[in-house]
Amino acid sequence: METPSAFLSSKTSVQLLDEIRATHANDDQRAVDVKPILLSMTKILDDVEGDIKGTARGRRVTSKGSTSLPPAFDHSTLESILADIREVSGEFSCNCSEGENAHATTMKLLETLKTYSWNTKVVLALAAFTANLGESWLLLQRGNTNSLATSVAFLRQVPEIDRLDLLGSEVGKLIQAIRNLASCNAKFMMKVHPWYFSKDTSPISEAKLEIIRAAYWTIHSVVQIASLIGRRNKSTALSMEKGKTLVAHLETEVSEIRKILMYHLKRCKEYIGKEMEDAYQSLLELMQRSGRDIVEILNRFLCHGNTDKVDIEKLRSKHVLFLISDLDISLGEITVLNELYLTGEGYEVVWLPVVDGLYDKKKFVELKSSMKWYTDVPAILDPAVIKYIKEVWHFIKNQIAVFLTPEGKVTCQSALPMLWTWGNEAVPFTDEKVKDLWRKRYHWRLDFLIDDLIDPELRQWIVEGKLICLYGGGSIDWIREFNTGLKFVLARIGESVEMVYVGKNNDKDWTEKVIRDLRVIKSERHFWARLQSMLYLYTKMRQGKTSTKDDPFMQEVMKILSYDGGDRGWALFCKGPDVKVRMDGETARAIISKHGDLETYAKRHGFLEGLNYYMEEQDIPHSCVLQLPFIDSEVPGKMCCDQCGREMEMHYTYRCRAL
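Residues numbered from 1 in each chain as written. Predicted model: local features only at pLDDT ≥ 70, side-chain atom pairs only at ≥ 80, totals over all residues. Heavy atoms only, no water.

As annotated in an unreviewed UniProt entry, the chain carries the name Protein SIEVE ELEMENT OCCLUSION B and comes from Theobroma cacao.

> Please give an account of the overall build of the chain that cites residues and values.
When you go through the chain residue by residue, the secondary structure sums to 27 helices and eight strands. Once local pairs closer than 6 in sequence are excluded, the contacts in the chain between residues at least 24 apart make up 73%. Total accessible area on the chain is roughly 31,600 Å²; 51% of this is exposed by carbon and sulfur atoms. (Helix = DSSP H or I, 4+ residues; strand = E, 2+ residues; numbered from the N terminus. Contact = heavy atoms within 4.5 Å. Areas by Shrake-Rupley, 256 points an atom, 1.4 Å probe, with all protein chains shown as cover.)

> Explain the pairing of strand β7 (residues 569–575) to me, using residue names and the numbers behind them.
The element β7 is largely enclosed, with a buried count of six among its seven residues. Relative to β7, strand β5 (residues 467–473) runs antiparallel, the two sharing seven bridges. Within the sheet, the bridge partner assigned to I468 lies in β7 and is C574. As judged from the six bridges shared by β7 and strand β8 (residues 578–584), these two strands associate in the antiparallel manner. Across the sheet, the residue bridging to K575 is D578, located in β8. Between β7 and β8, which follow one another and run antiparallel, lie two residues, and G576 among them has a positive phi close to 80 degrees. (Buried < 20%, exposed > 50% of the residue type's maximum accessible area, 1.4 Å probe, protein only. Pairing = 2+ DSSP bridges.)

> Describe empty space enclosed by the protein, and please don't skip the residues or the numbers.
According to the stated counting rule, one finds two cavities of 30 Å³ or more in the structure shown. Lining the largest cavity are 12 residues, and of these V171, L174, I225, I229 and V247 lie nearest its centre. Those elements that provide at least two residues to the lining of the largest cavity are α6 (118–142), α9 (169–191), α11 (204–230) and α12 (241–288). It is α9 that contributes the most residues to the lining of the largest cavity, four residues altogether. Residues that form the lining of the largest cavity fall into these classes: 12 nonpolar, no polar and no charged. Along the walls of the second largest cavity sit L321, L323, L337, L340, Y341, Y347, V349, L416 and L419, which together make up its complete lining. Taken together, the elements giving at least two residues each to the lining of the second largest cavity come down to β1 (320–325), α14 (331–343) and α17 (415–422). (1 Å grid on protein atoms, 1.4 Å probe; cavity = no way out; pocket = protein on both sides within 12 Å on 5 of 7 lines; lining within 4 Å. Points joined across faces, edges and corners; volume = space filled by probe spheres on them. Nonpolar A, V, L, I, M, F, W, Y, C, P; charged D, E, K, R; others polar.)

> Which residues make up the sheet that holds β8, and what are the values?
A sheet is described by the order of its strands in space; here four strands give the open sequence β6-β5-β7-β8, paired in mixed fashion. Sheet topology places β6 (498–501) and β8 at the edges, where each strand pairs with a single neighbour. The mean inter-strand angle of the sheet, taken between neighbouring strand axes irrespective of direction, is 20 degrees. This element, helix α27 (residues 607–616), spans β5, β7 and β8 of the sheet and lies at about 40 degrees to β8. (Axes fitted to C-alpha atoms, helices over the stretch in contact; angles between N-to-C directions.)

> Kindly report on α27, identifying the contributing residues and their values.
Burial in α27 covers these residues: F607, L608, G610, L611, Y614 and M615. Buried residues of α27 fall within an arc of 160 degrees about the axis and therefore sit on the same side. Of the surrounding elements, those touching the buried residues of α27 are β5, α21 (476–493), β7, β8, α25 (585–593) and α26 (595–605). (Arc of directions from axis to C-beta.)

> Let's hear about the packing of aromatic side chains: which residues, and what values?
Following the criterion strictly, the structure yields 23 aromatic pairs and no others. An aromatic cluster is present here, built from F301, F322, Y388 and W393 joined pairwise through their rings. The ring centre of W420 lies 5.8 Å from the NZ or CZ of R525, which sits over that ring. The ring of Y601 carries the charged tip of R604 above its face, separated from the ring centre by 5.7 Å. (Phe/Tyr/Trp six-rings, centres within 6.5 Å; stacked < 30°, edge-to-face > 60°. Lys NZ or Arg CZ within 6 Å of the ring centre and 35° of its normal.)

> How would you summarise the sheet that holds strand β4 (residues 410–412) if you had to cite specific residues and measurements?
The mixed open sheet is built from four strands, whose spatial order is β2-β1-β3-β4. Here the strands that pair on one side only, and so sit at the sheet edges, are β2 (348–353) and β4. Averaged over all adjacent pairs, the angle separating strand axes in this sheet is 35 degrees, with direction ignored. Pairing of β1 with strand β3 (residues 400–404), which is carried by five bridges, proceeds in the antiparallel orientation. What sits directly across from F322, in β3, is V402. Together, β1, β3 and β4 form the strand contacts of α17, whose direction differs from that of β3 by roughly 100 degrees.

> Quick one: what's the story with the nonpolar core, residue by residue and with numbers?
Core analysis: the biggest nonpolar cluster contains 172 residues, and F301, F322 and F527 have the highest contact counts within it. In this view, F322 contacts I297, L298, F301, V350, L352, W393, I400, A401, V402 and L404; residues no more than four positions away in its chain are not counted. Counting 29 residues, the second-largest nonpolar core is a separate cluster that includes F482, V581, A588 and Y614. (Core = buried A, V, L, I, M, F, W, Y, C linked by side-chain atoms within 4.5 Å.)

> So what's going on with the packing of α21 against α26? Residues and values would help.
Running from amino to carboxyl end, α21 crosses α26 at an angle of 40 degrees, the nearest separation of the two axes being 10 Å. In terms of orientation, α21 lies oblique with respect to α26. Judged by the twist between their axes, the crossing of α21 over α26 is right-handed. Residues F488, V489, R492 and I493 of α21 form the contact with α26, whose own contacting residues are H595, L598, E599, A602 and K603. Tallied by class, residues from the contact of α21 with α26 come to five nonpolar, one polar and three charged. (Parallel < 35°, antiparallel > 145°, perpendicular 65-115°, else oblique. Left-handed = near helix turned anticlockwise from the far one by under 90°.)

> Can you explain the pairing of β1? Please cite residues and give values.
The buried fraction of β1 amounts to six of the six residues, a majority that puts the element mostly inside the structure. Of the two faces of β1, the one holding V320, F322 and I324 and the one holding L321, L323 and S325 are both buried throughout. Relative to β2, β1 runs parallel, the two sharing six bridges. Paired with V320 across the two strands is E348, which belongs to β2. For the segment spanning β1, α14 and β2, crossover handedness is right-handed. (Right-handed = clockwise from strand over helix to strand, strands pointing away.)

> Talk me through the environment of K559; I want residue IDs and the actual numbers.
Residue position: K559 is located in helix α24 (residues 552–565). The buried category is assigned to K559, whose relative accessible area is 9%.

Here it is, written out as structure tokens:
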């Protein structure tokens, strides 16, 4: 029985195939999320097709904001992609309208798109054609009522609308076929994992060959379509019978190419499904088998398709900490972990990046180059490994760390909170070790919260017994008002204070907006990670019982986290390591605004004691919002308000960090 592939293979000689392959840059296949491009194409084609069928006449007004697209790219990537689409669009406009040889134009377009994958080339070429079609259609539609559109259409030599209107159903079918083919190519990119697509085994190898052929013949067909639509010689107008026949032929060819790709897509998905399940079961057996060692596990986790395995022999007989994250891990977090790694002993760190085929290669290289530990790892891990990380180790979005012994035994699946809280003292990250650390240092002091990694100068101020004010959150106005008011009062009573701003939790860009003239804590991310980790470890140690009513230490931790959870600011004061006063932003605003009263209390009792007495007399309403990171798939039990003791309501929050 003849397979669908025979349609393209019979048309593609060995010589032509070699020519096509020569246009491709194998060393720089740019990953592109084509979903927003497809969305734009669909909007254009829907309107054009609707007008041709007479179902969209007069339906040209859209509501404000309806043309916005999802921000799938960073600005520079989007500009680069759109520039290539414009270049292809120009080729369609110039060469096709002049009737240039279709093969020559197709090869030019493939050369222009050489750095993209074969499927992406097709989508971008179709997008360029669609943009030209939409622009022409818009000019023709508005030309009836708008003299500017008429003049532009004349200068652009846009073909008369009746040349398309008379073809009606033929052009409509062709547009539908183009839309379906673009969608099919997108499915290949999104459904066939690049880890498997790097293989040369059947049916992947057959699919890759057909995708190359399909890319050429799809673009070749679109060149012919663009040539017909843009042809300026009216003796060859599409309204002629010959034009109708050619449009129908091209629609058939485009539809046939789609069938071929769908056939191979189905085969690839079936193959990958079985391969992935077999690999996953094999991985489960390895992780449960006795007698394994860390090198065997590393070889399995870090292997990549047909490429050589990475050199992990140097990690034999080592404890290994798997740092698991996507590419949203910040450089600030990596900096802290670098310092911990370089000052620690007894373990090695291996990064396991969890990315899909559309990852940002530039960002991957940037992150990898900033890491001081072992980074001889592939960008794309075996999908079976990713599945294991998600299903067994419960990775979702926030980074986690898993600790393994030299024998390959997992002793801790949530080592990162311990590392944030205790640093290298937490090694080897056992429950017994953590309980011992809590017993030794379980008291609310600033020298526990602040160490040399978080801010060495601040740590020294604590040792010297200086008056220190840590403050965070708040609006720009609140920060300015609090700074000015506090310094005014202290100047009046002859006191000086070291003020350190710690930013906002979960808002990495906020501090940059307000940093001018502020003394900012050195490692803002570590400060907040330590606070959150303390509460997480406390909750885990108490097996989900998170009432802090009889626990002064956790009450203080929760107060700071709850202050930050709202929109208001907060502040705490200490002299030496002991925290003397802390308050939320509204209390601070109310007290500072009455600086005369505060000054009186400060002169009578001293600043810290006077502030405490004065604050106790204030009757200010409160609200408590506590935001916790999702770690280890564990959801804390009930939480009580740190101020009034009432049980708090629980809500799920999903946060997008995109700008």
